[in-house]
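This is what each chain is made of:
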Amino acid sequence: NAGVTQTPKFRVLKTGQSMTLLCAQDMNHEYMYWYRQDPGMGLRLIHYSVGEGTTAKGEVPDGYNVSRLKKQNFLLGLESAAPSQTSVYFCASSGTSGDTDTQYFGPGTRLTVL
Amino acid sequence: RKEVEQDPGPFNVPEGATVAFNCTYSNSASQSFFWYRQDCRKEPKLLMSVYSSGNEDGRFTAQLNRASQYISLLIRDSKLSDSATYLCVVTAQGAGSYQLTFGKGTKLSVIP
């Protein structure tokens, strides 16, 4: 039982490049989330999903797209990377409703956009 | 007013000391409250949920004051391994119950 895994762990992009971050969970959780964490800003929700085939915007969705084609996977895409997207990205999942169930986090992806 | 506010610290305390962290939140409709712990360059992990009646888990005690919209975390007999950043987390304002809002965290360093 690996919990929540994220790939890649590190990535350096040039402005304008695209990439996809992969999140996978093996806990059969319905809900999945993508956050970014910046110094002095705390964790901010980018997008989330309440089930396979569904996605919704969080607090800071601009510049990102997501897909949840399979229940266990949640993909975060950057179509045209910008330096402002330099951050640590965390994926999380929870069983049913986040206010009663723990959100389990992946180890994070450190992204630098030059 | 920010949704979740915490003293950023750092709190530098000697081993064995008792330390308390406070957190205020702006959404009076928030229903769920948590303390998460985040080690340096690691992911956040749930430390404990916070219940209205207060709850304790070993050396850790959490309290909730809904009237004042205030949450606290007390750590007794601090250990070196308690050094981390502690995140106050509440249900997000205006969102479905599955969305959480994180405070920026309070950094604790326990010194030998």
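So, here is what we can say about the structure in this document. The structure presented is a predicted model; accordingly, all values stated were derived computationally and were not measured. (Residues numbered from 1 in each chain as written. Chains lettered and ligands numbered in written order. Predicted model: local features only at pLDDT ≥ 70, side-chain atom pairs only at ≥ 80, totals over all residues. Heavy atoms only, no water.)

**Let's talk about the overall build of chain B**
Part 1 of the reasoning: A tally of helices and strands in chain B yields zero helices and 11 strands.
Part 2 of the reasoning: In chain B, the succession of α and β elements from N to C terminus is β-β-β-β-β-β-β-β-β-β-β.
Part 3 of the reasoning: Rg of the C-alpha trace for chain B: 14 Å, near the compact-globule value of 13 Å for 112 residues, within the 12% margin.
Part 4 of the reasoning: Counting only C-alpha atoms, chain B reaches 45 × 30 × 20 Å along its principal axes.
Part 5 of the reasoning: Here chain B, with 112 residues, has 47% of them falling under the buried criterion.
Part 6 of the reasoning: When contacts within chain B are restricted to residue pairs at least 6 apart in sequence, those whose partners lie at least 24 apart make up 56%.
Part 7 of the reasoning: As displayed, chain B offers around 5400 Å² of accessible surface, 47% of which is attributable to carbon and sulfur atoms.
Part 8 of the reasoning: If you average the places of the 12 positive and of the 10 negative side-chain charges in chain B, the two averages end up 4 Å apart. (Helix = DSSP H or I, 4+ residues; strand = E, 2+ residues; numbered from the N terminus. Rg over C-alpha atoms; globule rule 2.2 N^0.38 Å. Buried < 20%, exposed > 50% of the residue type's maximum accessible area, 1.4 Å probe, protein only. Contact = heavy atoms within 4.5 Å. Areas by Shrake-Rupley, 256 points an atom, 1.4 Å probe, with all protein chains shown as cover. Lys, Arg positive; Asp, Glu negative; His and termini not counted. Charge placed at Lys NZ, Arg CZ, Asp CG, Glu CD.)

**Observations concerning the interface of chain A and chain B**
Part 1 of the reasoning: With 22 residues of chain A at the contact, the number on the chain B side is 18 residues.
Part 2 of the reasoning: For the pairing of chain A and chain B, the buried interface totals around 1700 Å² over both sides, and the portion due to carbon and sulfur atoms is 54%.
Part 3 of the reasoning: Linking chain A to chain B there are zero salt bridges.
Part 4 of the reasoning: At the junction of chain A with chain B, the criterion picks out two residue pairs in polar contact (both at pLDDT 80 or more).
Part 5 of the reasoning: Elements supplying a minimum of two residues to the side of chain A that touches chain B: strand 4 (31-38) and strand 5 (42-49) of chain A.
Part 6 of the reasoning: Split into classes, the residues belonging to the side of chain A that touches chain B amount to 11 nonpolar, nine polar and two charged. (Buried area = accessible area lost by both parts, 1.4 Å probe. Salt bridge = Lys/Arg side-chain N within 4 Å of Asp/Glu carboxyl O. Polar contact = N/O pair within 3.5 Å; in protein donor to acceptor, adjacent residues only side chain to side chain. Nonpolar A, V, L, I, M, F, W, Y, C, P; charged D, E, K, R; others polar.)

**Notes on unusual backbone geometry**
Part 1 of the reasoning: Omega for the bond connecting T7(A) with P8(A) falls within 30 degrees of zero, at -5 degrees, which places this linkage in the cis form.
Part 2 of the reasoning: Residue placement: P8(A) occurs in the loop between strand 1 (4-7) and strand 2 (10-13).
Part 3 of the reasoning: Note the cis peptide between G9(B) and P10(B), where omega equals 5 degrees.
Part 4 of the reasoning: Here P10(B) shows up in the loop between strand 1 (4-6) and strand 2 (11-14).
Part 5 of the reasoning: Phi at R41(B) is positive, roughly 60 degrees, even though this residue is not glycine.
Part 6 of the reasoning: One can find R41(B) in the loop between strand 4 (33-38) and strand 5 (44-49).
Part 7 of the reasoning: Here D77(B), not a glycine, exhibits a phi torsion of approximately 50 degrees, which is positive.
Part 8 of the reasoning: Given a relative accessible area of 37%, D77(B) falls into the partly exposed group.

**Observations regarding the sheet that holds strand 8 (residues 70-75) of chain B**
Strand pairing within a sheet occurs via backbone hydrogen bonds; the two strands may be parallel or antiparallel.
All names here are of chain B.
Part 1 of the reasoning: Reading across from one edge, 1-3-8-7-6 is the order of the five strands in this open sheet, with antiparallel pairing throughout. The sheet terminates laterally at strand 1 and strand 6 (55-57), the two strands that pair on one side only. Between one strand and the next, the sheet's axes are offset by a mean angle of 20 degrees, whatever the strand orientation.
Part 2 of the reasoning: Of the pairings in the sheet, the one linking strand 3 (residues 19-25) to strand 8 comprises six bridges and is antiparallel in character. Bridge pairing in strand 8 links N22 to S72. (Pairing = 2+ DSSP bridges. Axes fitted to C-alpha atoms, helices over the stretch in contact; angles between N-to-C directions.)

Any link to function would need more than the numbers given here.
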